[in-house]
Amino acid sequence: MTSGAILGSGMIIFSFILYIAGLNEGTSLNMLSYVILIGGIMYGIKQVRDKIQNGFISYGRAVGSGTLVALFASIILAFYMFILMKYVDNSMIAKSIELTQQKWSEGGMTDDQVESMTKMVEPFITPGFMAFGTVFSITFVGVIISLIVAAFMKKEPNIFANNTSSLDSTI
């Protein structure tokens, strides 16, 4: 949980910096949040392996630990995003809809199609739904990252290490 709180706080700080700089929508800097997520998951798995599991961790336990780190971080980030969109900057949702409409137009949709699609998605673009989407998407991406990272961070104990000393004493 501590690693998830640290990761969530780091993601909030990064998101806040982008928001203050006006770079939070439609920039490639948002991809850096995935680097932060990967680093946070790696840190969380390492903490479980080294502090709780005495230097060893199975693949499954590593995947589970990484997923929990991502889940806790996503809940913290979603809470921040909800507060930001609901109380601090209500225009974020309108800007998001406008950016989406622009991308649809650039993708070849007619104005009628863009208007029709906007009417379909507008009920789902609320601070609560966006917060829920954040929890779902960050956790989902966290599972995928954990599946990959766990393969490199797992460390199984050597089951033969202790048995050789007992064999030597019986011979």
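Our subject is the structure listed above.
Conventions adopted
Residues numbered from 1 in each chain as written. Predicted model: local features only at pLDDT ≥ 70, side-chain atom pairs only at ≥ 80, totals over all residues. Heavy atoms only, no water. Helix = DSSP H or I, 4+ residues; strand = E, 2+ residues; numbered from the N terminus. Buried < 20%, exposed > 50% of the residue type's maximum accessible area, 1.4 Å probe, protein only. Areas by Shrake-Rupley, 256 points an atom, 1.4 Å probe, with all protein chains shown as cover. Lys, Arg positive; Asp, Glu negative; His and termini not counted. Charge placed at Lys NZ, Arg CZ, Asp CG, Glu CD. Core = buried A, V, L, I, M, F, W, Y, C linked by side-chain atoms within 4.5 Å. Salt bridge = Lys/Arg side-chain N within 4 Å of Asp/Glu carboxyl O. Axes fitted to C-alpha atoms, helices over the stretch in contact; angles between N-to-C directions. Parallel < 35°, antiparallel > 145°, perpendicular 65-115°, else oblique. Left-handed = near helix turned anticlockwise from the far one by under 90°. Contact = heavy atoms within 4.5 Å. Nonpolar A, V, L, I, M, F, W, Y, C, P; charged D, E, K, R; others polar. Phe/Tyr/Trp six-rings, centres within 6.5 Å; stacked < 30°, edge-to-face > 60°.

Caption draft 1: A look at the overall build of the protein chain. In terms of helices and strands, the protein chain carries seven helices and zero strands. Listed N to C, the secondary structure of the protein chain is α-α-α-α-α-α-α in terms of helices and strands. Based on the C-alpha atoms only, the size of the protein chain along its principal axes is roughly 85 × 30 × 25 Å. The proportion of buried residues among the 171 residues of the protein chain is 29%. In the form shown here, the protein chain has an accessible surface area of approximately 10700 Å², with 67% of it arising from carbon and sulfur atoms. For the protein chain, the distance from the average position of its 10 positive side-chain charges to the average position of its 11 negative side-chain charges is 15 Å.

Caption draft 2: Quick peek at unusual backbone geometry. Residues other than glycine seldom take positive phi values, yet Asn 54 does so here, at roughly 55°. Within the fold, Asn 54 resides in the loop between α2 (32–52) and α3 (59–88). The class of Asn 54 is exposed, set by a relative accessible area of 64%.

Caption draft 3: The arrangement of the nonpolar core in detail. One finds Leu 7, Met 11, Leu 37, Ile 41, Ile 45 and Leu 77 to be the most contacted residues of the largest nonpolar core, which totals 26 residues. Those elements that place two or more of their residues in this core are α1 (2–21), α2, α3, α4 (91–106) and α6 (127–153). Among the elements that make up this core, the one with the highest residue count is α3 (nine residues).

Caption draft 4: Expanded view of the pattern of salt bridges. For the structure on display, the rule yields three salt bridges. Lys 46 is paired through a salt bridge with Asp 50; the nearest N and O atoms lie 2.7 Å apart. With a gap of four residues between them, Lys 46 and Asp 50 both fall in helix α2, about one helical turn apart. Judged by relative accessible area, Lys 46 falls into the partly exposed class, the value being 38%.

Caption draft 5: Expanded view of the packing of α2 against α3. Two elements in contact, α2 and α3, have axes whose closest approach is 8 Å; the angle formed by their N-to-C orientations is 130°. With respect to α3, the element α2 is oriented oblique. For the element pair α2 and α3, the recorded crossing hand is right-handed. Only Arg 61, Ala 62, Ser 65, Gly 66, Val 69 and Ala 70 of α3 make contact with α2, whose side of the interface consists of Gly 40, Ile 41, Gly 44, Ile 45, Val 48 and Ile 52. Taken together, the residues of the contact of α2 with α3 break down into seven nonpolar, four polar and one charged.

Caption draft 6: Seen up close, the side chain of Ser 146. In this structure, Ser 146 sits in helix α6. Ser 146 gets classed as buried once you look at its relative accessible area, which sits at 0%. Those residues in contact with Ser 146, other than ones at most four positions away along the chain, are Ile 41, Val 63, Gly 66 and Thr 67.

Caption draft 7: Seen up close, the environment of Leu 23. Structurally, the position occupied by Leu 23 is in the loop between α1 and α2. Owing to a relative accessible area of 33%, Leu 23 belongs among the partly exposed residues under this scheme. Not counting residues within four places of it along the chain, the set of residues in contact with Leu 23 comprises Leu 18, Leu 29 and Asn 30.

Caption draft 8: Examining the packing of aromatic side chains more closely. Throughout the structure, instances matching the rule amount to two aromatic pairs. When the ring of Phe 82 is compared with that of Tyr 87, the centres are 6.4 Å apart and the planes differ by 80°; the resulting orientation is edge-to-face. According to the relative accessible area criterion, Tyr 87 is exposed, its value standing at 57%. Arranged with centres 6.4 Å apart and planes meeting at 10°, the rings of Phe 136 and Phe 140 form a pair that is stacked. Taken as a pair, Phe 136 and Phe 140 lie in helix α6 at a separation of four residues, close to a single helical turn. Classification of Phe 140 as partly exposed rests on a relative accessible area of 49%.

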